[in-house]
Structure formats: C-alpha cells, structure tokens
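Here is how the chains run, residue by residue.
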Amino acid sequence: MPARIYKPAKSATQSGMARTKQWLLVFEQDKPREIEPLMGWTSSGDTRQQLRLWFDTKEEAMAYAEREGIAYRVEEPREVKRRAMSYSDNFKFNRVGPWTH
C-alpha cells in the first residue's frame, strides 16, 4: 500500500500557520470502504488509513518509509502567493473596483 508524504496546506478558516511546517506521512486507501447493511455506517477493514505520522523534515519521512519498506510518493508544497493589503486600502480613491456600499 503506497503512502503519501506532503506538507499540509493552511486551512481556509485559520489565520495562522499552525501544523503547516511539518511533513505528514499518510497511507493511501487500499480497498474501497463498504456500507454496513444493518446500520448503514461506512466501514473499512484497513486500519492504516487512521495512521498519520508527523515528521520535522521531508528527509526524515522518506528515511522512515524506506526503513520500513513502505512505497511512497512525495508531493512538494506549492509556493504561497501573498498580497499585502491593509484595511485602509478599501477606502482609497484610486480603487480598482467601485465602492459598493
């Protein structure tokens, strides 16, 4: 079962960069989930999907996967594009878009 090594992106609801500096090793889904006929719950016999391993560096995660004989793929993080903008920019006379209030 292959694993994926990546750096998680920041959630849209968070303003800080918590839990985005470490690398994460997550196992891919080995077989599809099944719907349990009596209650209708979704179940799986694959317990590795619940496992999430955090590492400080990408090299540590790769070394762990190689040491344990786990096939893996590495997803490099994308560069974050930031626009510096202040609150007062909303009230400038030379705005790109018109003021709608």
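Thresholds, definitions, all that
- Residues numbered from 1 in each chain as written.
- Predicted model: local features only at pLDDT ≥ 70, side-chain atom pairs only at ≥ 80, totals over all residues.
- Heavy atoms only, no water.
- Phe/Tyr/Trp six-rings, centres within 6.5 Å; stacked < 30°, edge-to-face > 60°.
- Lys NZ or Arg CZ within 6 Å of the ring centre and 35° of its normal.
- pLDDT = per-residue confidence, 0-100.
- Helix = DSSP H or I, 4+ residues; strand = E, 2+ residues; numbered from the N terminus.
- Pairing = 2+ DSSP bridges.
- Axes fitted to C-alpha atoms, helices over the stretch in contact; angles between N-to-C directions.
- Contact = heavy atoms within 4.5 Å.
- Buried < 20%, exposed > 50% of the residue type's maximum accessible area, 1.4 Å probe, protein only.
- Arc of directions from axis to C-beta.
- Core = buried A, V, L, I, M, F, W, Y, C linked by side-chain atoms within 4.5 Å.

### Notes on the packing of aromatic side chains
Piece 1. Tallying each qualifying case throughout the model produces 1 aromatic pair.
Piece 2. With centroids separated by 5.6 Å and ring planes inclined at 40 degrees, the aromatic side chains of Phe55 and Tyr64 adopt a geometry described as tilted.
Piece 3. Across from the ring centre of Tyr6, 4.1 Å away, lies the NZ or CZ of Arg4, which sits over that ring.
Piece 4. The residue whose ring lies beneath Arg48 is Phe27, and the NZ or CZ to ring-centre distance is 4.7 Å.

### Observations regarding the confidence of the model for the chain
Piece 1. Averaged over all residues, the pLDDT of the chain equals 87, while 96% of them reach at least 70.
Piece 2. At the level of individual helices and strands, the chain shows its lowest average pLDDT in strand E4 (residues 42-43), which scores 86, and its highest in helix H1 (residues 58-68), which scores 97.

### What about the sheet that holds strand E1 (residues 3-6)?
Piece 1. As summarised here, the arrangement of the 4 strands in space is E5-E2-E1-E6, forming an open sheet in which the pairing is mixed. Looking at the sheet topology across the chains shown, the edges are occupied by strand E5 (52-55) and strand E6 (72-75). Ignoring which end each strand starts from, the neighbouring axes of this sheet average 20 degrees apart.
Piece 2. Relative to E6, E1 is paired through 4 bridges, and the arrangement is parallel. Note that in E6 the partner of Ile5 across the bridge is Val74.
Piece 3. The sheet contacts of H1 involve E1, strand E2 (23-27), E5 and E6, and relative to E6 the element is tilted by about 170 degrees.

### Topic: H1
Piece 1. Looking at H1, one finds that the buried residues are Lys58, Ala61 and Ala65. Take H1 and look down its axis: the buried residues cluster within an arc of 65 degrees, on one side only. Along H1, exposed side chains directed more than 90 degrees from the buried face belong to Glu59, Glu66 and Arg67.
Piece 2. Where H1 is buried, its residues meet E1, E2, E5 and E6.

### Comments concerning the nonpolar core
Inside soluble globular proteins, nonpolar side chains tend to come together where they are buried.
Piece 1. If you look at the biggest cluster of nonpolar residues, it comprises 10 residues: Ala3, Ile5, Trp23, Leu25, Phe27, Leu53, Phe55, Ala61, Ala65 and Ile70.
Piece 2. At the level of elements, E1, E2, E5 and H1 are the ones that each hand at least two residues to this core.
Piece 3. The element contributing the most residues to this core is E2, with 3 residues.

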